[in-house]
Amino acid sequence: MFDPKANVSVTEDGNRLYARARQENIETVWERHQAQQPQCGFCDMGLSCRICIMGPCRIDPFGEGPQTGVCGADADIVVARNLCRMIAAGAASHSDHGRDLVEVLAKVARGQAPGYKIRDEAKLKRLAAEYGVAVEGKEVLQIAGALADAMMEDYGMRRKAVQLVDRAPKKRRELWEKVGITPRGIDRETSEMMHRTHMGVDNGWVSLLLQGMRNALSDGWGGSMIATEVSDILFGVPTPRATQVNAGVLKADQVNIAVHGHNPVVSEMISKACMSKELLDLAKQKGAQGINLVGLCCTGNEVLMRRGIAMAGNHLMTELILTTGAVDMMIVDYQCIMPSLAKVAACYHTKMISTSDKAHFPGMEHHEFHPHNAEEKAMAVVRAAVENFSKRRDVYIPGKPQAAVGGFSVEAILGALGGTAAPLLDAVKAGRIRGAVGIVGCNNPKIQHDQNHRVLTRRLIENDILVVDTGCVAVANAKAGFKVPEAAELAGPGLKAICQALKIPPVLHMGSCVDNVRILVLLSALADALGVDISDLPVAGSAPEWYSEKAVTIGVYFVASGVTTHLGPMPPIAGSMNVVNLLTQGLNDVVGATFAVEPDPEKAALFIRRHIEAKRKALGLDAREVM
Ligand code: SF4
Ligand code: MSK
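Computed from a prediction, not measured in an experiment: that's the story for all the values here.

## Some points on the packing of aromatic side chains
Step number 1: Scanning the model with the defined rule gives 4 aromatic pairs in all.
Step number 2: Note on Tyr 18 and Trp 30: the rings are 5.3 Å apart at their centroids and 75° apart in plane angle, and the pair reads as edge-to-face. Taken together, the residues Tyr 18 in helix H1 (residues 12–23) and Trp 30 in helix H2 (residues 29–35) connect sequence positions 12 residues apart.
Step number 3: Among the residues examined, Tyr 18 registers a relative accessible area of 16% and is labelled buried.
Step number 4: By relative accessible area, which is 6% here, Trp 30 ends up buried.
Step number 5: Ring plane angle 55° and centroid distance 6.2 Å describe the contact between Tyr 116 and Phe 235, whose orientation is recorded as tilted. Of the two residues, Tyr 116 is situated in the loop between helix H4 (75–109) and helix H5 (121–130) and Phe 235 in helix H9 (residues 205–235); the sequence distance between them amounts to 119 residues. Each of the two residues, Tyr 116 as well as Phe 235, counts as buried.

Structural data, given as C-alpha cells:
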C-alpha cells in the first residue's frame, strides 16, 4: 500500500499541484482514499455478496464464521460471480461506447449528423469487405449505412460469432470454438453474464468464468474493436505526430479548455469549434491570445492520436489540473470522470460541462450532445468558455511541457516498418528485440501516481523489449520522456539501434482504452506472419496501476486471446483459491495464457522478461537467462 506521507505522485506537476490543493484545503482522491481506511476485507477478497436481498452476505475467510451465503453460495461461487459482474460492466462500458459511434456512422449515412463525415473512405471499404457489405457501384454514404446496419447486428443475437473474431489467427479461433467461448453477440454475452450471475442460475465457478471470458472477448473482438474502427472511419486513422504532455500544456495567456472521458464524438466537434475564426476572434476581444484545447484521460488520447492535441494528464491528474486555476472549462463525456470534479472546480472559476445523455454529474451544467446538434452545441459551449476567461483569478501552471510523439495505429506501425511486419519479426528472430509488451490501464490512489508505470516500462525497454501502451499509462510514459525518438538512448542496444534507424521512440502510444484492440490486431498480424498462435509469441500484457472494471475486461480478453497478463493491484478474488489457481495457472491449459499478480514493478519486470525468454525458447529462438 502506498505510504500517504510520501509524495502522492512520481511526477513533478502532480506533486506541485497536490501541494497547492493541500494549501487551499481542497479535498482530493487521496484524502478520500485515506478516509475510507480500513477498506472492507470481505469486499477486498471478493467474499461479500449483495446480489439479492436475502443478503447481503459475507463468507468468513478464516473458516470460523459462515461458509455460505443465505442461498448456500460458497466462496468459489461468490468470488466468481463478483468477478464476472465486473467483466460484464467493463464490457458493457466499452461496447456501449462502440454503439454510440455506430449510431453516428448511421446518422452520417442518412445526412443527419452535420459536422461529421467519413474521413477515411479506404478504411470504410476495408471494414465493409470484412462485414460482407457490397461496395461495388455504391456511394460512400450508402456503404456507411450498410456497414452501420451490419455492425448493429453484431450487438444482438448472431447465429455464430461476432464478425471481427475473423481477425484472430485460425488456431485461436479453433481454440475458442473447442472451449466454447467464441463470442456470439456483444450485448448477448453481457446479458447472459448478468443472467448467469443472478441468484440460482449458474453456480459452477468454472462455467461462470468461461462465460466471463466469452463476455470479455465480445468486447475485445466486438464492441471495443468496433469503437476503434468506426472512430478511425469518422475521424481518421492515427499517424505519428508530435505533441506535448503534462500540466505545463495549459497556457496562461489563452482560453484553456480540457476535454475528459473516452468518446471522441464530442471532443472532435469541440476541437473543430476551437479552430473557428469567429471564436478565435472573440477570444482576442476578451484579451486571450487564442484557444488552447487540452486532453485528459482517454478522450485526451483520442484527440492526441489523431490531431496531436496536447495532453494535460491522466486519471489522478484530473482533479489536480483544476487547481491550476487556469482551466476555463472542462467538458466531459463518460467513464473515469470522478463525481468530485465539480466540487473542486467550484473553488475556481472553471465551468464544468457534461455532454452525454447517459452521464450526469452533480454541479455540472448539462449540455446534451447528439449527432444532429453536436456541431452547434460545440460552438455554444466553446463560446461560453471564452466568455469565462475574464473570470480567472490566481493562476499557477507548474513546469514546462514535455515533448512526445503519439499516433501509432497498427497502420502507422506497419507503415514505419515499410508496409509489413517482416522487419519487426526479423529483429525479434535475431534477438535484437526480445519481445513486446502492451502496458495498459489506469492510476489508482493505492499506488504512488505513475510510479509503477515508469519503473516497469523503463526496465523492459532497457532489456530490449518494445513497449506499446494505451490509456493512462500512455500519458504516464509520455510525461516520463519515453515517447520521443531520443528516448532510444534509454533502451537496450538492440532496441536502441532499431528505434534510431526508424526514428521512433521505444514506447509506442497506441491510443485510448478501447484502442487496446489495436494491440490484438497487431498480435494477430505477427502470429499469422509466423504461422503460430498469439499464445506462442514472446509478448505479454500488463496493467500496473489498474482500478476500473473496464481494465478487468481488457485483462480477461488479453488472456483469453493468448496474452499472459500481469496485474499490479490484486483483483478481488483472494477469497477463493480455486478461482485464484484457475486464473494464475489453470488457464494455461485452456487458453495458453494466465494472469500474474505482482505489486512490485521491479519483480513484475523480471516475471515478464522470464516469460518472454521462455516463449522465445519454445519458438526455437535464442533465450537469455533472466536473473
Ligand atoms: Fe446472499 Fe446468495 Fe443473495 Fe448473494 S445471492 S446476497 S450469497 S443469498
Ligand atoms: S481513462 S479506464 S483510468 S486507463 Fe481510459 Fe485511464 Fe483506466 Fe480510465
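Moving on, there is more to tell.
## Overview of the site of ligand 1
Step number 1: All residues adjacent to ligand 1 are Cys 49, Ile 51, Cys 52, Met 54, Gly 55, Cys 57, Gly 69, Val 70, Cys 71, Arg 81 and Met 199.
Step number 2: Among the residues making up the shell around ligand 1, the classes are represented as 8 nonpolar, 2 polar and 1 charged.

## Things to note about the sheet that holds strand S11 (residues 435–439)
Step number 1: The parallel open sheet is built from 6 strands, whose spatial order is S13-S12-S11-S14-S15-S16. Each edge of the open sheet carries a strand with a single partner, namely strand S13 (507–511) and strand S16 (595–597). Put simply, the sheet's adjacent strands are angled 25° from each other on average, direction ignored.
Step number 2: Here strand S15 (residues 565–567) pairs with S16 via 3 bridges, running parallel. Following the sheet pairing, Thr 565 is matched in S16 by Phe 595.

The rules behind these values
Residues numbered from 1 in each chain as written. Chains lettered and ligands numbered in written order. Predicted model: local features only at pLDDT ≥ 70, side-chain atom pairs only at ≥ 80, totals over all residues. Heavy atoms only, no water. Phe/Tyr/Trp six-rings, centres within 6.5 Å; stacked < 30°, edge-to-face > 60°. Helix = DSSP H or I, 4+ residues; strand = E, 2+ residues; numbered from the N terminus. Buried < 20%, exposed > 50% of the residue type's maximum accessible area, 1.4 Å probe, protein only. Near = heavy atom within 4 Å. Nonpolar A, V, L, I, M, F, W, Y, C, P; charged D, E, K, R; others polar. Pairing = 2+ DSSP bridges. Axes fitted to C-alpha atoms, helices over the stretch in contact; angles between N-to-C directions.

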